[in-house]
Amino acid sequence: MRRRVLIGLSAVVAVVALVLGAAYVFQRQLVYLPTGGPLPAAADVLPGGRDVTLRTADDLDLGAWFLPVPESRGTVLVAPGNGGDRSMRAPLARALAERGLSVLLLDYRGYGGNPGSPSEEGLALDVRAAHDFLVREAGIAPDELVYYGESLGCGVVAELATERPPAAMVLRSPFTELAAVGQRHYPFLPVKLLLRDRFPVTEHVSASKAPLTVVYGTADAIVPPELSREVAAAGAAKIVEVPGAGHNDLALLAGDRLIDAVDQAAG
């Protein structure tokens with residue numbers, strides 16, 4: 001009997017080890033969900049848009065779309081969420097351009113036909129390359145930049161803001177840290193121990209002095225609204241709550257309340 005119990009326990013331990021090992025090894029395939037390229041030319045999707053190349057500190061050339069607006073009131077650096085590519089953010093860019101704001105749509109490494117594989121460290125380099133392009137090549141003053149982060153992108157721009165402060169920052173559907181979201185969706189796993197990429201948004205907004213606006217939907221089933229409210233509290237943020245909106249609903253992609261929030265943040 002004792003031998004059978006030991007054998008049974010050994011089998012359970014082996015299965016648990018296998019599950020945890022697989023979760024650790026393949027976690028980035030669960031976190032990052034890019035679509036590949038090639039993408040159409042920027043001008044084919046965004047009238048007046050330009051295809052630009054962002055050179056990262058680790059020597060990657062990333063494709064991005066820049067939509068300059070004559071006599072712009074400011075420029076929005078858009079850091080996307082974990083899925084899709086920049087073509088999905090074209091409605092956002094068009095809506096912001098109608099408000100007199102220039103827009104840079106960034107695609108991270110591994111997204112939209114870009115080389116490389118995404119990671120927290122890599123995305124930090126990618127957004128710095130975007131910032132470098134806007135300031136050094138497009139000639140935009142840092143105090144004319146608004147950072148816009150979407151879900152995972154909130155962690156990307158929030159970290160950037162601690163080193164390169166913008167005029168303002170808008171975070172759409174932010175989480176406190178990536179592990180908090182993972183734990184909600186995988187309660188049977190020790191997510192915090194397994195995660196290689198942290199994206200500690202609350203920690204970053206607490207260290208940033210940039211005026212902050214947090215936008216979230218009350219029906220968000222991917223990033224629970226209470227996590228976004230915690231981020232807002234940590235950054236003394238203005239809150240824009242969109243009733244009934246889910247994480248990927250149009251209202252949170254390019255809806256009026258979202259566009260108003262970015263417009264007002266730009267001043």
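Residue numbering note: each chain is counted from 1, following its sequence as written. Selection of residues for local features in this predicted model requires a pLDDT of at least 70, selection of side-chain atom pairs for listing and counting requires 80 or more, and totals for whole chains, interfaces and linings are taken over all residues. Working from all heavy atoms in the structure, the side-chain values ignore hydrogens and water.

Bringing the nonpolar core into the picture now. By size, the foremost hydrophobic cluster in this structure holds 52 residues, and its most contacted members are L54, L171 and F175. Numbered from the N terminus, helices here are DSSP runs of H or I no shorter than four residues, and strands are runs of E no shorter than two. With 7 residues, helix α6 (residues 152–163) is the single largest residue contributor to this core. Setting aside its immediate chain neighbours within four residues, F175 contacts S151, L152, V181, F199, V201, V223, L227 and V231. One finds L67, A93, V215 and L252 within the second-largest nonpolar core, a separate group that totals 27 residues. We define the nonpolar core as a collection of buried residues of types Ala, Val, Leu, Ile, Met, Phe, Trp, Tyr and Cys that are connected through side-chain atoms lying within 4.5 Å of one another. Classification of residues uses two cut-offs on accessible area relative to the type maximum, computed with a 1.4 Å probe and protein chains only: under 20% is buried, over 50% is exposed, and between them is partly exposed. Contacts are residue-level and defined by heavy atoms, with any inter-residue pair within 4.5 Å sufficient.

A separate point is unusual backbone geometry. Each neighbour pair has its own omega, and for G37 with P38 the value is 0°, a cis peptide bond. Non-glycine residue E71 carries a positive phi angle of around 50°. Despite not being glycine, F199 has its phi angle at roughly 45°, a positive value. Mapped onto the secondary structure, F199 falls in the loop between α8 (191–194) and α9 (201–207). On the basis of relative accessibility, which here comes to 2%, the residue F199 falls in the buried class.

Our next topic: a nonpolar patch on the surface. Each patch is assembled from residues with relative accessible area greater than 30% and no salt bridge, linking like charges that lie within 9 Å and nonpolar side chains (Val, Leu, Ile, Met, Phe, Trp, Tyr) that lie within 5 Å. To be clear on the numbers: accessible area is Shrake-Rupley with a 1.4 Å probe, and residue cover counts the displayed protein chains and nothing else. Salt bridge criterion: a side-chain nitrogen from Lys or Arg within 4 Å of a carboxyl oxygen from Asp or Glu. Where nonpolar side chains cluster on the molecular surface, the patch consists of L30, Y186 and F188 and spans about 350 Å² of accessible area. Looking at the secondary structure, you find F188 in the loop between α7 (178–185) and α8.

Limitation: the analysis is restricted to geometry and does not speak to function.
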